[in-house]
Amino acid sequence: MGSTSNDLSTAIQQMLETVAQNDELKRGLRMATTAAAVSEVAAKAGFEIAPGALVKHYAQRLLEASDATAVHNFDLCSWDAGELLWAMNNWRVQD
């Protein structure tokens, strides 16, 4: 991922800083429940962040983290057991 990952990390950080200054964007980001919805907020903030790239970026960060950090960050998603089981049962292996 290298440079592309760094560019995306920078874009995400800048987008979050921009959103923090705008109540409407903050509300939109808090209400976003999909990668596409996060990308829409990013676009409104002036950043092009593709949903797939966003998901893969965070997934890669989980893979590269220590087990304890990966579990901590995954738990921050606040999924309850039912949501997690439903998601895993409906997980796509290949498009």
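The sections below set out a description of the structure shown in this document. (Residues numbered from 1 in each chain as written. Predicted model: local features only at pLDDT ≥ 70, side-chain atom pairs only at ≥ 80, totals over all residues. Heavy atoms only, no water.)

Digging into the overall build of the protein chain
For the protein chain, the helix and strand inventory stands at six helices and zero strands. The secondary structure elements of the protein chain, listed N-terminal to C-terminal, are α-α-α-α-α-α. Taking the principal axes of its C-alpha atoms as reference, the protein chain extends roughly 35 × 30 × 30 Å. The proportion of buried residues among the 95 residues of the protein chain is 20%. Across the protein chain, every contact between residues at least 6 apart in sequence was considered, and the portion connecting residues at least 24 apart equals 45%. Split by element, the accessible area of the protein chain, about 7,400 Å² in all, is 54% carbon and sulfur. If the 7 positive side-chain charges of the protein chain are averaged to one point and the 12 negative ones to another, these points end up 6 Å apart. (Helix = DSSP H or I, 4+ residues; strand = E, 2+ residues; numbered from the N terminus. Buried < 20%, exposed > 50% of the residue type's maximum accessible area, 1.4 Å probe, protein only. Contact = heavy atoms within 4.5 Å. Areas by Shrake-Rupley, 256 points an atom, 1.4 Å probe, with all protein chains shown as cover. Lys, Arg positive; Asp, Glu negative; His and termini not counted. Charge placed at Lys NZ, Arg CZ, Asp CG, Glu CD.)

Notes on the packing of helix α3 (residues 35–44) against helix α4 (residues 51–64)
One can describe the packing of α3 onto α4 by two numbers: an axis separation of 8 Å at closest approach and a directional angle of 110°. Accordingly, the angle class assigned to the pair α3 and α4 is roughly perpendicular. At the point where α3 passes α4, the crossing takes the right-handed sense. Across from Ala35, Ala36, Val38 and Ser39 in α3, the residues of α4 making contact are Pro51, Leu54 and Val55. The residue makeup of the contact of α3 with α4, split by class, is six nonpolar, one polar and no charged. (Axes fitted to C-alpha atoms, helices over the stretch in contact; angles between N-to-C directions. Parallel < 35°, antiparallel > 145°, perpendicular 65-115°, else oblique. Left-handed = near helix turned anticlockwise from the far one by under 90°. Nonpolar A, V, L, I, M, F, W, Y, C, P; charged D, E, K, R; others polar.)

Here we look at the pattern of salt bridges
Between side chains of opposite charge, a pair can form as their charged atoms come close. For the coordinates displayed, the defined rule picks out one salt bridge. The closest approach of N and O atoms between Asp23 and Lys26, which form a salt bridge, is 3.3 Å. Of this pair, Asp23 and Lys26 both sit in helix α2 (residues 23–31), three residues apart, which is roughly one turn of that helix. Residue Asp23 is classed as exposed on the basis of its relative accessible area, which comes to 52%. (Salt bridge = Lys/Arg side-chain N within 4 Å of Asp/Glu carboxyl O.)

Here we look at the layout of surface pockets
Of the volumes computed, that of the largest pocket is approximately 1,700 Å³. Lining the largest pocket are 33 residues, with Ala35, Val55, Tyr58, Cys77 and Trp79 positioned closest to its centre. Listed by contribution, the elements that provide at least two residues to the lining of the largest pocket are α1 (2–20), α3, α4, α5 (67–75) and α6 (81–89). The element contributing the most residues to the lining of the largest pocket is α4, with seven residues. Across the lining of the largest pocket, the residue classes tally to 22 nonpolar, seven polar and four charged. (1 Å grid on protein atoms, 1.4 Å probe; cavity = no way out; pocket = protein on both sides within 12 Å on 5 of 7 lines; lining within 4 Å. Points joined across faces, edges and corners; volume = space filled by probe spheres on them.)

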